[in-house]
Amino acid sequence: MTQNKTILTIKNLHASVGDKEILKGLNLTINQGEVHAIMGPNGSGKSTLANVLAGKPNYTMTKGSVTYLGKDLSKLEPEERAQAGIFLGFQYPVEIPGVNSMYFLRAALNAQRKARGEEELDGMDFMELIEDKLELLDMDMSFLKRAVNVGFSGGEKKRHETLQLCMLNPLLAILDETDSGLDIDALQIVSRGVNAIRGTDRSIVLITHYQRLLDYIEPDFVHVLKDGKIIKSGDKTLALELEKQGYAGLTSAA
Amino acid sequence: MSNKRQAELTAAKEMAQAYADSFAGYAPLPALSAWLGKQTAQAKDTFVKLGFPTTRTEEWCFTNIAPLARQAFHAPQKQAVNGAVISEAKLVKDAVTLVFIDGRLNYDLSEITNLPNGVTIAPLSQGAGLLDDAKKAKILNTTASLEAANTAFLTDGYILIVADGVTVKTPIELVFVGTGNQSASHIRNFISVGKNSKLELFETWTSSNNPDNIYWHNSVCDIILADGSKLAFTRQQSEALQAFHTATVKTTVGKDATFTGFIANLGSKIARTEWQTTLNNSGSRVELYGFSLVGKGQHHNVTTHTNHTAPNTSADQLFRNVVADSGHGVFMGKYHVLPVAQQTDAAMLNQNLLLGKKAKADSKPELEIYADDVKCSHGATCGSLDEGALFYLRSRGIDEMAAKAMLTEGFIDDLILKIDNAQAKELLHSRIHRWLQTTKRVG
Ligand SMILES: Nc1ncnc2c1ncn2[C@@H]1O[C@H](COP(=O)(O)OP(=O)(O)OP(=O)(O)O)[C@@H](O)[C@H]1O
Ligand SMILES: [Mg+2]
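None of these values were measured; they are calculated from a predicted model. (Residues numbered from 1 in each chain as written. Chains lettered and ligands numbered in written order. Predicted model: local features only at pLDDT ≥ 70, side-chain atom pairs only at ≥ 80, totals over all residues. Heavy atoms only, no water.)

Asks: Explain the overall build of chain B to me, and be specific about the residues and the numbers.
Replies: Helices and strands together make up the secondary structure of chain B, namely 11 helices and 19 strands. Projected onto its principal axes, the C-alpha coordinates of chain B cover approximately 70 × 55 × 45 Å. Burial analysis of chain B (443 residues in total) assigns 58% to the buried set. Pairs at least 24 residues apart make up 84% of the contacts formed inside chain B by residues separated by at least 6 positions. Accessible area of chain B: about 17200 Å², with a carbon and sulfur share of 50%. (Helix = DSSP H or I, 4+ residues; strand = E, 2+ residues; numbered from the N terminus. Buried < 20%, exposed > 50% of the residue type's maximum accessible area, 1.4 Å probe, protein only. Contact = heavy atoms within 4.5 Å. Areas by Shrake-Rupley, 256 points an atom, 1.4 Å probe, with all protein chains shown as cover.)

Here it is in structure tokens:
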């Protein structure tokens, strides 16, 4: 097996939300093309990790380092991270009244293209692209005529995240419980979306509580995050083990 | 009376006296002079006696117009204005258009060949005879100082009459241009919409090109809506940033008639718009909406006073302000519900978005209710941009400035939907967009 290029290296990461330390020495390396699942009890710091990587204000790295494509990630603004190919699928997508979904998506895509020195998409090319993705995700155009996430059901919000994922086609996708709140059909559809971007060069971090998702999107690695650290890593069989035994039996290996 | 209060009142009166003195030689247009008769002198007395409004009066408590009162204004001189100013400022391209330069009608820039049947429109200096004396007496008898000033120093205005049973298909737009030169124009307008008639009316208040123009547009508008009629009246206030804009719109709404007023506040150093509405018959309805984009050194005040004087009337009011830099936005609203006005259904909401630490918003929504079977609500909110929404947009690659602009635009855009006319909607949308792009207002 040839060693792929390293995308993300997290070393001894400590991070706080406000004054509270949540991540307490986390290590993780992600190579190009890999799918990593992160599991762990409620409140263990999974979303915090995702938010730190996306650059959410008020989430501060206090120790350690995060290197993305050879660069110190902490130096980049959230939009610069997105433009460099990082995507966060939110556990709780935010409602944005007054901002039309279609307008938002096009602005996002073109902002990223522009930052990368690519030509912006005109209305027609954009429509063509989005029609493709809507079909893949079995979504209706009427979604895009509404304000971003406003009045969307829980499942619809997650589909909307997946649509954005497919449109923006990031190098590193961090999907925070994109499977939560989905019915069985929707789970398959969302998985289809994720698998569509899963290619030789896309890396994916799946944060999830359920083995079920991993049946559809088979991970290369499974990690257990507990109390701000990764305490165990393994292959997909670890998820099956956890499903049977829970987190109780696991203790910090660090 | 405290010394400070006394001093302020004295100053306000002195300034009114100074204003009157500087206009000592002023006479209205001959036709208006004849029409007004003794009213001119009486109104001048009233204005001097009352003085300019001060922050000591309740209705003006948040709005200090001393910067206006201190100006040395002159009567308007004839000024030339480029037609491009008009076409750029107008809300509705193909509207019947009357253009007033410093308060005087300019025929060359106006477009009235497409005047629909059943509509009479004329400058007040030509059409004043169409108003009967009783109406005139009632209208001109005022206890408000700026209205008195309006009568005393009347420049001109327009009179617009829609006959009964006419649905006016072509919108009508009045464009008022201030050219600066410290000119003060006092504009008086009369509008009457006949039984079951419908009209879309627009007013655009703007300036000829120089953004540093100093002038004052002081207008009073009287509107009567006959039974079953509908008037949608949109006012675009995009005066020069050093100019002053004061306006009072007084509307009486008949049985089953609906008045929809919209104010788009963009320009002016100080702008105050007061909507006084009387709902005096069953089914009378008023809808008042609007937004203010208040930037550096600007002050926008929107005041509404709605009288419910009959059973079964309704009102809906929503105003949103975006205040940036050192701007100051003010909303004052009152529903006054008389004992007879049972089943009144009235809602009022003012929402403010503050974009800077120095930005300020004052809000005073009020209810004064003497009937017991009514549904009235009022509220006000004040906040900054939603951090969660901002991060969401940025996490998708949209830079901070653009994301803030997008959220701010979203806050106002909803409101524009209250305007029916597609051209006006589009134009206001682009004005908002431009306002957000042009300076670092959002930063
Ligand atoms: N803004 C905040 N202020 C204070 N504490 C916070 C804040 N945000 C998160 N926390 C705390 O940080 C801890 C980790 O939260 P996080 O959301 O990362 O957990 P999680 O692993 O994603 O949990 P879940 O599985 O429930 O989504 C929790 O104890 C939470 O209460
Ligand atoms: Mg979480």
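Asks: Describe the packing of aromatic side chains, with residues and values.
Replies: What the rule picks out here adds up to 25 aromatic pairs over all chains. Here B:F47 and B:F153 contribute two aromatic rings whose centre-to-centre distance is 6.0 Å and whose plane-to-plane angle is 85°, an arrangement assigned as edge-to-face. Of this pair, B:F47 sits in helix α3 (residues 39–50) while B:F153 is found in the loop between α8 (145–152) and β4 (158–162), placing the two residues 106 residues apart along the sequence. Among the aromatic residues, those joined into a cluster by ring pairs are B:Y19, B:F23, B:Y26, B:F47, B:F52, B:F73, B:F153, B:W216 and B:F244. One Lys or Arg, A:R212, reaches over the ring of A:Y210 and ends 5.7 Å from the middle of that ring. Lying across the ring of B:F411, B:R320 places its NZ or CZ 5.2 Å from the centre. (Phe/Tyr/Trp six-rings, centres within 6.5 Å; stacked < 30°, edge-to-face > 60°. Lys NZ or Arg CZ within 6 Å of the ring centre and 35° of its normal.)

Asks: Before we move on, could you go through the interface of chain B and chain A and cite the residues and values that matter?
Replies: Each side of the interface is counted separately: chain B has 19 residues, and chain A has 33 residues. Here chain B packs against chain A, burying approximately 1900 Å² in sum over the two surfaces, 66% of which is carbon and sulfur. Three residues stand out in chain B for area buried against chain A, namely B:F391, B:Y392 and B:R396, and they jointly supply 41% of the buried area on that side. With its nearest N and O atoms 2.8 Å apart, the salt bridge here joins B:R396 to A:E161. The tally of links between chain B and chain A comes to 11 residue pairs in polar contact (both at pLDDT 80 or more). Sorting the residues of the side of chain B that touches chain A by element identifies α9 (387–394) and α10 (400–416) of chain B as the ones contributing at least two each. Taken together, the residues of the side of chain B that touches chain A sort by class into 7 nonpolar, 5 polar and 7 charged. (Buried area = accessible area lost by both parts, 1.4 Å probe. Salt bridge = Lys/Arg side-chain N within 4 Å of Asp/Glu carboxyl O. Polar contact = N/O pair within 3.5 Å; in protein donor to acceptor, adjacent residues only side chain to side chain. Nonpolar A, V, L, I, M, F, W, Y, C, P; charged D, E, K, R; others polar.)

Asks: How would you explain the sheet that holds β4(B) if you had to name every residue and give the values?
Replies: Residues and elements named next belong to chain B. Read across the open sheet, the 9 strands follow the order β3-β4-β6-β8-β10-β12-β14-β16-β18; overall the sheet is mixed. Strand pairing shows two members of the sheet lacking a second neighbour, β3 (119–123) and β18 (360–369), which therefore form its edges. Each strand axis lies, on average, 5° off the axis of its neighbour in the sheet, ignoring direction. The sheet contact formed by β3 and β4 spans 5 bridges and is antiparallel. Following the sheet pairing, P123 is matched in β4 by Y158. The strands that α8 touches are β6 (183–193), β8 (215–225), β10 (244–253) and β12 (270–279); relative to β8, the one it contacts most, it runs at about 95°. (Pairing = 2+ DSSP bridges. Axes fitted to C-alpha atoms, helices over the stretch in contact; angles between N-to-C directions.)

Asks: Tell me about the environment of B:L393, and name the residues and values.
Replies: Considering the arrangement of structural elements, one finds B:L393 in helix α9. Distance from B:L393 to B:M406, taken between C-alpha atoms, is 8.9 Å for residues 13 residues apart in sequence.

Asks: Outline the coordination of the magnesium ion (ligand 2), supporting the account with residue identities and numerical values.
Replies: Residue and element names in this part refer to chain A. Summarising the metal site, the magnesium ion (ligand 2) is bound by the protein donors S47 (OG) and Q91 (OE1), whose distances to it range over 2.0 to 2.1 Å. Here Q91 lies in the loop between β6 (86–89) and β7 (96–100) and S47 lies in helix α1 (residues 46–54), a separation of 44 residues in the sequence. Residue S47 is classed as partly exposed on the basis of its relative accessible area, which comes to 22%. Classification of Q91 as buried rests on a relative accessible area of 17%. (Donors = N, O, S within 2.8 Å, 3.2 Å for Na, K, Ca; no water.)

Asks: Report on the site of ligand 1, specifying residues and quantitative values.
Replies: Residues and elements named next belong to chain A. Near ligand 1 there are 15 residues, and of these I22, G43, K46, S47 and T48 occur at the shortest range. Between ligand 1 and S47, the relevant distance is 2.8 Å, taken from an oxygen atom to a side-chain nitrogen or oxygen of the residue. Burial of ligand 1 by the protein amounts to 64% of the accessible area it has alone, namely 640 Å². When residues of the shell around ligand 1 are traced back to their parent elements, those giving at least two are β2 (20–31) and α1. Per element, the largest residue contribution to the shell around ligand 1 is 3 residues, and it comes from α1. Across the shell around ligand 1, the residue classes break down as 4 nonpolar, 8 polar and 3 charged. (Near = heavy atom within 4 Å.)

Asks: If you had to explain the pairing of β12(B) to someone new, which residues and values would you point to?
Replies: Residues and elements named next belong to chain B. The element β12 is largely enclosed, with a buried count of 8 among its 10 residues. Where β10 and β12 come together, 10 bridges link them in parallel fashion. By the bridge assignment, A247 is partnered in β12 with T273. Sheet analysis places β12 next to strand β14 (residues 299–308), joined by 10 bridges and oriented parallel. Each bridged residue has a counterpart across the sheet, and for Q276 the counterpart in β14 is H305.

Asks: Could you give an account of the pairing of strand β3 (residues 35–39) of chain A, naming the residues involved and the relevant values?
Replies: All names here are of chain A. Extensive coverage of β3 is indicated by the burial of 5 of its 5 residues. Burial of β3 is two-sided: the residues V35, A37 and M39 facing one way and the residues H36 and I38 facing the other way are all buried. Where β3 meets strand β10 (residues 203–207), 4 bridges bridge the pair, whose relative direction is parallel. By the bridge assignment, A37 is partnered in β10 with L206.

Asks: Would you mind going over helix α11 (residues 422–438) of chain B in detail, with residue names and values included?
Replies: All names here are of chain B. Here α11 spans 24 Å end to end across 17 residues, near enough to the 24 Å set by a 1.5 Å rise per residue. Buried within α11 are the following residues: A424, L428, R431, I432, W435 and L436. Seen along its axis, α11 keeps its buried residues to an arc of 130°; they face one direction. Across α11 from its buried face, at more than 90 degrees, point the exposed residues A422, E426 and T438. One side-chain oxygen at the N-terminal end of α11 lies 3.0 Å from the backbone nitrogen of Q423; it belongs to N421. (Expected span 1.5 Å × (residues − 1). Arc of directions from axis to C-beta.)

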